[in-house]
Amino acid sequence: MSATGPAFHLTDIQGRPRRLWTQSLSWMLFLVGILLYSQFSVARHKENPEDRVIPSGAQLIQGVKSAVLEQPEEDDPLDATATTWQRVSHGMLWRDTVSSSRRFFISLLLLIPAILLGLHMAVFPYAEAFFLRFFLFFDKIVALSLLPILFIVFGIDEWSKIMLMVIGVGPTLMLDTYNIAKSVPREQVVKAFTLQSSSLDVTYRVILKQILPQIINSVRLNLKPLALFLFAGEMIASTDGLAYRIAIMRRHMGMDIIIPYLLWVAALLFAMDALLRFANRRLHPWY
Amino acid sequence: MVLTAIRRAEKTRVMPRKRVRKNPHEAETEIALDNVSVSYPLASGAQKTVLHRLNLDIRAGEFVVVLGETGCGKSTLLRLVLGQEFPTEGTVDVDGKRVRRIDARCGYVPQKYALFPDRTVMQNVMYGPENAFCGWTARLLPSFWRFRKSLRAEAAAMLQRMGLRTTDFHKYPQQLSGGMQQRVAIAQALLMRPPVLLMDEAFSALDPSTRASLQQQMHDLWQESRPTILFVTHNTSEAILLGTRLIVLKPHQEGDQESNVLLDMQLPQSSEPLSVRKKTRDFEQLREHVKHCAFRESDFEVERRAVQEMPRRVEASE
């Protein structure tokens, strides 16, 4: 260590990078990605100015514009006098985002009973005996293999896709909640009973309250699998949605639309993750 | 109609009041263990007996300290009284009723994880009396908020009595030191005014000075209100300083027909501060006597002596 502070060693476990360094390093890979993309795009456009595999910056901007402002092909065209807001609200990106988000949030709501079931399995021995073995087995069923059955049972409408997401993520979230609730020290439960708690008090006011931040973290980790099942359902049988549009654009080699769509989906998931992380910090300062 | 139901529910739950004995000298049995045995099945199919034919009567107001080697059944005894475990044979009664589940008859202070991490100090201490006063629905009534206000004052007084400052009341347990956490845990248990207070090596994770100060505080608290306390410890000095009665348990040996109780004696009481008592000759003698009875020479000691004697043996053989 020097007199002015710790020496700069990239491989030093005890290193303490300053704030500026941390910020710069965290953006570095984004920058490298953009540079590499530009490099490849420029190289391909030199060979073929009409190349659509790696669209140029101008093509991407045009793609974003058409995704935001243009209607899907299957819809009736708007009047030429339509305002910008009307064009945006009838545009591909907005309509697809609303459709996919509706499915996504309905599935998230339907996952709440799965979380509660996991909690009850961990707390009530009879519920554990009844459900645990079955869900340990059910969790191992590959959810996508259930898709044909779901299409037969629920049709190819919304519910088959929503159920695919619930069946895909529900058991994992349930077993995760079960494990988290089981890890609450036994002393806490005993103590709560000596403080005249009922079984419901212990379940909801002692255990659930304690494990809620960990459950929220578990939901955060399961956002991507949830989106994955949503995309699988939408790509196979849908008439709208973000994944449907990507599947359609693939047929037309529309990379100028696909890439903004991919980035938009990632940004939405990142925002949701950040929101949950923020909520966790604000609601559970003790965690 | 709903309001009437809530009020009825409210009436069925009352804040535990300080127990007043008709005759202060009356020594009713608070904890009774009758012919209690506890055994566990081992993987080999055999049975491991932890407690064997244990008979114990603990009177109200006694400060009973249970001492013994690891594996002698101290914590099992505590769990039996708590209702966390049940005897294979025999019965356990607390406050005149058979123990069939964990309930508010016993206050409990474990060695760690004693506080709810998601609640502040004040919320932790008020949690029990709030439960005792009303159920979920009755919390909507104005009388609950009036009760809460008076309870807050009582909780604050108890916390201050345990050495906490008002600035600590709104801290979370993880923001407190180990000693502070145990003080809050004791306050939390005492505010419920349980007939019996169970402490499972409650001070063993603390540093010596914090431990000494908590011992003194516990001693003072017991002298003030005389609750029945069952205190499990490994520490001989702590046992002699705090208790009015000492029970030394020994591990049960296969084929042994005797009970686990090796020693059951009344301890002398004194009004001196514990730090002064600790330095007296009587205390030292008693400590040596109990140590001699309670603990066998450990394997480590035998090994250490063998190593010390080794050069002499080598010299002798040469």
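Residues numbered from 1 in each chain as written. Chains lettered and ligands numbered in written order. Predicted model: local features only at pLDDT ≥ 70, side-chain atom pairs only at ≥ 80, totals over all residues. Heavy atoms only, no water.

**Things to note about the sheet that holds strand S4 (residues 89-94) of chain B**
Residues and elements named next belong to chain B. Just so we agree on the cut-off: Paired strands are those between which DSSP finds at least two bridges. Labels follow the DSSP assignment, with helices taken as runs of H or I lasting at least four residues and strands as runs of E lasting at least two, numbered in each case from the N terminus. The contact definition used throughout considers only heavy atoms, calling two residues in contact when any of these lie within 4.5 Å. Between N-to-C directions, angles cover 0 to 180 degrees, with each direction set by a line fitted to C-alpha atoms, over the stretch in contact for helices.
Judged by pairing direction, the sheet is antiparallel, and its 4 strands sit side by side in the order S2-S1-S4-S5 without closing on themselves. The open sheet has two edge strands with one neighbour each: strand S2 (47-59) and strand S5 (97-98). With 9 bridges connecting them, strand S1 (residues 29-41) and S2 associate as antiparallel partners. Among the inter-strand pairings, Thr-29 is bridged to a residue of S2, identified as Arg-59. Across the face of the sheet, helix H2 (residues 74-82) comes into contact with S1, S2 and S4 while running at roughly 120° to S1.

**Things to note about the pattern of salt bridges**
If the charged atoms of two oppositely charged side chains come close together, the side chains can form a pair. Residue and element names in this part refer to chain A. Test applied: Salt bridge criterion: a side-chain nitrogen from Lys or Arg within 4 Å of a carboxyl oxygen from Asp or Glu. Buried, partly exposed and exposed residues are distinguished by accessible area as a fraction of the type maximum, computed with a 1.4 Å probe on protein chains only: under 20%, between the cut-offs, and over 50%, respectively.
If you walk through the whole model with that rule in mind, you get 28 salt bridges over all chains. Salt-bridge contacts for Arg-205 lead to Asp-201; the nearest nitrogen and oxygen are separated by 3.4 Å. In this pair, Arg-205 and Asp-201 both sit in helix H10 (residues 199-221), 4 residues apart, roughly one turn of the helix. Each member of the pair, Arg-205 as well as Asp-201, carries the same accessibility label: buried. Where salt bridges share partners, they join Arg-102, Arg-103, Glu-158, Glu-234 and Asp-240 into one cluster.

**Describing the domain arrangement of chain A**
Here is the rule: Note: domain ranges come from an automatic or database domain assignment.
One can read the domain layout of chain A as domain 1 (16-51) and domain 2 (92-283). Summarising the inter-unit geometry, the C-alpha centres of domain 1 of chain A and domain 2 of chain A are found 33 Å apart.

**What about the sheet that holds strand S10 (residues 261-266) of chain B?**
All names here are of chain B. Taken in spatial order, the 6 strands make up an open sheet running S6-S7-S8-S3-S9-S10, and their pairing is mixed. Looking at the sheet topology across the chains shown, the edges are occupied by strand S6 (106-109) and S10. Taking each pair of neighbouring strands and ignoring which way they run, the sheet shows an average axis angle of 15°. In this sheet, strand S7 (residues 196-200) lies alongside S6 in parallel orientation, the contact comprising 4 bridges. Residue pairing in the sheet places Val-109 in a bridge with Met-199 of S7. Each of S6 and S7 is contacted by helix H5 (residues 178-190), which is oriented at about 175° to S6, the strand it contacts most.

**Remarks on the side chain of Thr97(A)**
On the secondary structure map, Thr97(A) appears in helix H4 (residues 92-110). Residues contacting Thr97(A), with those up to four places away along its chain left out, are Leu242(A), Trp264(A) and Leu268(A).

**With respect to the interface of chain B and chain A**
We apply this condition: The term buried area means the drop in 1.4 Å probe accessible area that two parts suffer when joined, counted for both and summed. Pairing of N or O atoms within 3.5 Å defines a polar contact, subject to two protein rules: one partner must be a possible hydrogen donor and the other a possible acceptor, and residues neighboring in sequence count only if both atoms are side-chain atoms.
Counting residues at the interface gives 30 residues for chain B and 21 residues for chain A. Note on chain B versus chain A: buried area summed over both sides is about 2500 Å², and carbon and sulfur give 56% of it. The interface formed by chain B and chain A holds 1 salt bridge in total. Ionic pairing is found between Asp118(B) and Lys209(A), a salt bridge with its closest N-O pair at 3.7 Å. On inspection of chain B and its partner chain A, the count reaches 11 residue pairs in polar contact (both at pLDDT 80 or more). For the side of chain B that touches chain A, the elements supplying multiple residues, two or more each, are S6, helix H3 (121-133) and H5 of chain B.

**Observations concerning the confidence of the model for chain B**
Residues and elements named next belong to chain B. Under the convention used in this document: For every residue, the predictor assigns a confidence score, pLDDT, that lies between 0 and 100.
Considering every residue of chain B, the mean pLDDT works out to 82; 84% of them sit at 70 or more. Note on residues 9-18: pLDDT under 50 across the span, and 24 contacts to partners over four residues away in sequence or across chains. Counted against residues more than four places away or in other chains, residues 20-26, with its pLDDT under 50, gives 5 contacts. In the predicted assembly, ipTM is 0.82 and pTM is 0.83.

**Quick word on the packing of H3(B) against helix H4 (residues 142-161) of chain B**
Helix-helix packing: each pair is described by the crossing angle between the helix axes and the interaxial distance. Residues and elements named next belong to chain B. The condition is simple: Roughly parallel covers angles under 35 degrees, roughly antiparallel covers those over 145, roughly perpendicular covers 65 to 115, and oblique covers all other angles. Each crossing is labelled by how the near helix is turned from the far one, with a counterclockwise turn of less than a right angle marking it left-handed and a clockwise turn marking it right-handed. Polarity classes work like this: nonpolar for Ala, Val, Leu, Ile, Met, Phe, Trp, Tyr, Cys and Pro, charged for Asp, Glu, Lys and Arg, and polar for all others, with Gly in that last group.
Two elements in contact, H3 and H4, have axes whose closest approach is 10 Å; the angle formed by their N-to-C orientations is 130°. One finds that H3 runs oblique with respect to H4. Helix-helix and strand crossings are classified by hand; for H3 and H4 the assignment is right-handed. Only Ser-143, Phe-144, Phe-147, Arg-148, Leu-151, Arg-152, Ala-155, Ala-156 and Leu-159 of H4 make contact with H3, whose side of the interface consists of Val-121, Met-122, Val-125, Met-126, Pro-129, Glu-130 and Phe-133. Grouping the constituent residues of the contact of H3 with H4 by class yields 12 nonpolar, 1 polar and 3 charged.

**A few points about unusual backbone geometry**
At Met253(A), a residue that is not glycine, the phi angle is positive and equals roughly 55°. Positionally, Met253(A) belongs in the loop between helix H12 (242-251) and helix H13 (255-283). A positive phi angle, near 50°, is found at Arg226(B), a position not held by glycine. With respect to the helices and strands, Arg226(B) occurs in the loop between helix H6 (208-225) and strand S8 (228-233). When its relative accessible area of 42% is taken as the criterion, Arg226(B) is described as partly exposed.

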